[in-house]
Amino acid sequence: MSHSTHFAIDVPDSLIQRAKRGDRQAFEQIYHWFERPIYTLGLRLCGQPAEAQEVLQDCMIKVMTRIAEFNGQSPFWGWLRQIAVNEALMRLRRSAKGFMEVDVYDSDIADSATAMPPQAAEAAQMIEALQTLPPLTRSVLWLYHVEGFTHEEIARYVGKTPSFSKSQLARGTQKLRNTLAISPATGTKA
């Protein structure tokens, strides 16, 4: 499954090298390029603009202090995205809501509930519907559908099993369908 992510920004090696040498303008450029994707990820996972802003700030501080650790064996954006996901999930774990788990039993979940319908709803309705989900479920949906993570990767991030990730995805998708009044069979509004 190939996914496009807003983080997929090609950062020139020369800019990374300048940032590694402490060039303030290089860091500013990296910040400007990744500000929106990090903020959006933080907002979708944590659910609050103030939390998303904190995720952005914490992530960029880590990038600045750890850029020397970037070895170039993978794209810079992937390394930065990993830091952003970790920051958002750590903030979520520390929040009062935390990772409240929803009881999930595989027998409660229809097999057809794992694919997001292409005509789900307008973007504003979808965002509003995502906010109704528990933080952990919302995080799994965002990481899977938007960021393109596998269930195994999500499981590592949240400290659960791949089947837990699959169950959260199915449960969250079903709740979104219900919230948006979308028929699972047709993918259209009921």
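Now for a look at the structure at hand. (Residues numbered from 1 in each chain as written. Predicted model: local features only at pLDDT ≥ 70, side-chain atom pairs only at ≥ 80, totals over all residues. Heavy atoms only, no water.)

1. Remarks on the nonpolar core
Line of reasoning, step 1. Counting residues in each nonpolar core, the largest one holds 48 residues, and the members touching the most others are I30, F34, I38, L41, F76 and L80.
Line of reasoning, step 2. Among the secondary structure elements, those contributing two or more residues to this core are α1 (13-20), α2 (24-46), α3 (49-66), α4 (76-94), α5 (123-131), α6 (135-146), α7 (151-158) and α8 (162-180).
Line of reasoning, step 3. Excluding residues that lie within four positions of it along the chain, L41 makes contacts with F7, A84, V85, W142, L143 and E147. (Core = buried A, V, L, I, M, F, W, Y, C linked by side-chain atoms within 4.5 Å. Buried < 20%, exposed > 50% of the residue type's maximum accessible area, 1.4 Å probe, protein only. Helix = DSSP H or I, 4+ residues; strand = E, 2+ residues; numbered from the N terminus. Contact = heavy atoms within 4.5 Å.)

2. Some details on the packing of α1 against α2
Line of reasoning, step 1. Close contact between α1 and α2 brings their axes to 8 Å; oriented N to C, the two are set at 125 degrees. In this view, α1 runs oblique relative to α2, as classed from their interaxial angle. Between α1 and α2 the crossing geometry is left-handed. Packed against α1, whose contacting residues are L15, R18 and A19, the element α2 presents Q25, A26, F27, Q29, I30 and W33 at the interface.
Line of reasoning, step 2. Here the residues of the contact of α1 with α2 sort into 6 nonpolar, 2 polar and 1 charged. (Axes fitted to C-alpha atoms, helices over the stretch in contact; angles between N-to-C directions. Parallel < 35°, antiparallel > 145°, perpendicular 65-115°, else oblique. Left-handed = near helix turned anticlockwise from the far one by under 90°. Nonpolar A, V, L, I, M, F, W, Y, C, P; charged D, E, K, R; others polar.)

3. Comments concerning the packing of aromatic side chains
Line of reasoning, step 1. Using the criterion set out here, one finds 6 aromatic pairs in the structure.
Line of reasoning, step 2. Here the aromatic cluster, defined as three or more aromatic residues joined through ring pairs, consists of F7, F34, F70, F76 and W79.
Line of reasoning, step 3. Against the face of F164 rests K160, its NZ or CZ located 5.4 Å from the ring centre. (Phe/Tyr/Trp six-rings, centres within 6.5 Å; stacked < 30°, edge-to-face > 60°. Lys NZ or Arg CZ within 6 Å of the ring centre and 35° of its normal.)

4. Focus: α7
Line of reasoning, step 1. Within α7, burial applies to H151, I154, A155, Y157 and V158. The arc enclosing the buried residues of α7, seen along the axis, measures out at 160 degrees, which places them on a common side.
Line of reasoning, step 2. Buried residues along α7 sit against α4, α6 and α8.
Line of reasoning, step 3. Immediately beyond the C-terminal end of α7, within one or two residues, lies G159, with a positive phi of roughly 70 degrees. (Arc of directions from axis to C-beta.)

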